[in-house]
Amino acid sequence: MVNHYCYWISRSEQPDFAKMEAYWAGSLKQAEKLGVCLVLENEAHDNTRTPQGMRKILEHFENPHFKTNYDAVNYFHASCEGFPEAYEVLRPYIGYVHLKNGCLYREGAGQPEDHRGAPMSGLHAPVPIQYTPIPQGAVNIPGLLSRLEADRSYAGTCTLEPHTTPEHVEEFYRMETEWLRKLGFFVNR
């Protein structure tokens, strides 16, 4: 898997397919040749902000070597339902999964500044996203993991992606791995 983004390529509501093809055609040919997959990560402030927008891009390229890096919290960051809606829209195109969590920043709630992110897009703009350890966030990550397991349509790994300062990364990992173990989702290989 090779993760990539479209933020500097196409940020408007409608995808600029000509520009995307110009940027990605050579990389896609190389991916086909090498037998790897390019996974486009959804972000809150570009064409991939909604699951429908991401699907439109993936359908345009319609190539088994071009899929999405599905990040449910990035859809939440764009004021979309990260799970289950985004999952249901993108299920056939998921090539990689990032796991993290977040909620809306609330003034005066004592949320650590070290975990604050960029402003939301969509309905909740311009409130910042507040990143949290997975069990403390607003996105239904247990539901996502249960669906991935039940559907058996995704055989890859899920990568923990804490959004915090280096001083807090180990704390996030400890809380998240303990929680995943308790739920039966964490597997040491």
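Preceding this paragraph is the structure being described.
Residues numbered from 1 in each chain as written. Predicted model: local features only at pLDDT ≥ 70, side-chain atom pairs only at ≥ 80, totals over all residues. Heavy atoms only, no water.

### Concerning the packing of helix H1 (residues 17-34) against helix H2 (residues 51-61)
Following both chains from N to C, one finds H1 and H2 inclined at 55 degrees, their axes separated by 12 Å at the closest point. By the criterion of interaxial angle, the relationship of H1 to H2 is oblique. H2 is crossed by H1, and the crossing has right-handed handedness. Listed contacts from H2 to Phe17, Met20, Glu21, Trp24 and Leu28 of H1 are Lys56, Ile57, His60 and Phe61. Tallied by class, the residues present in the contact of H1 with H2 amount to six nonpolar, one polar and two charged. (Axes fitted to C-alpha atoms, helices over the stretch in contact; angles between N-to-C directions. Helix = DSSP H or I, 4+ residues; strand = E, 2+ residues; numbered from the N terminus. Parallel < 35°, antiparallel > 145°, perpendicular 65-115°, else oblique. Left-handed = near helix turned anticlockwise from the far one by under 90°. Contact = heavy atoms within 4.5 Å. Nonpolar A, V, L, I, M, F, W, Y, C, P; charged D, E, K, R; others polar.)

### Focus: the sheet that holds strand E3 (residues 66-71)
Pairing is parallel across the open sheet formed by five strands, whose spatial order is E1-E2-E3-E4-E8. A single partner strand is all that each edge strand has here, and the edge strands are strand E1 (2-4) and strand E8 (158-160). Taken over all neighbouring pairs, the strand axes of this sheet differ in orientation by 30 degrees on average, direction set aside. Bridge analysis of strand E4 (residues 94-99) against E8 gives three bridges, and the strand direction is parallel. When the sheet's bridge partners are listed, Val97 is paired in E8 with Cys158. (Pairing = 2+ DSSP bridges.)

### Remarks on the sheet that holds strand E6 (residues 116-119)
Taken in spatial order, the three strands make up an open sheet running E5-E7-E6, and their pairing is antiparallel. The open sheet terminates on both sides in strands that have one partner only, identified here as strand E5 (101-104) and E6. The mean inter-strand angle of the sheet, taken between neighbouring strand axes irrespective of direction, is 35 degrees. Bridge analysis of E6 against strand E7 (residues 128-132) gives two bridges, and the strand direction is antiparallel. Pairing of Pro119 across the sheet is with Pro128, part of E7.

### Overview of the pairing of E7
Within E7, five of the five residues are buried, leaving the element largely enclosed by the surrounding structure. Burial of the side chains of E7 extends over both faces: Pro128, Gln130 and Thr132 are buried on one face and Ile129 and Tyr131 on the other. By the bridge criterion, four bridges tie E5 to E7 in an arrangement that is antiparallel. The residue of E7 that forms the bridge with Asn101 is Thr132. (Buried < 20%, exposed > 50% of the residue type's maximum accessible area, 1.4 Å probe, protein only.)

### As for the side chain of Thr164
Tracing the backbone shows Thr164 in the loop between E8 and helix H6 (166-183). Looking at Thr164, its side chain comes within polar contact range of the side chain of His115, at 2.7 Å. If we ignore the near neighbours within four places in the chain, the residues touching Thr164 are Asp114, His115, Val169 and Phe172. (Polar contact = N/O pair within 3.5 Å; in protein donor to acceptor, adjacent residues only side chain to side chain.)

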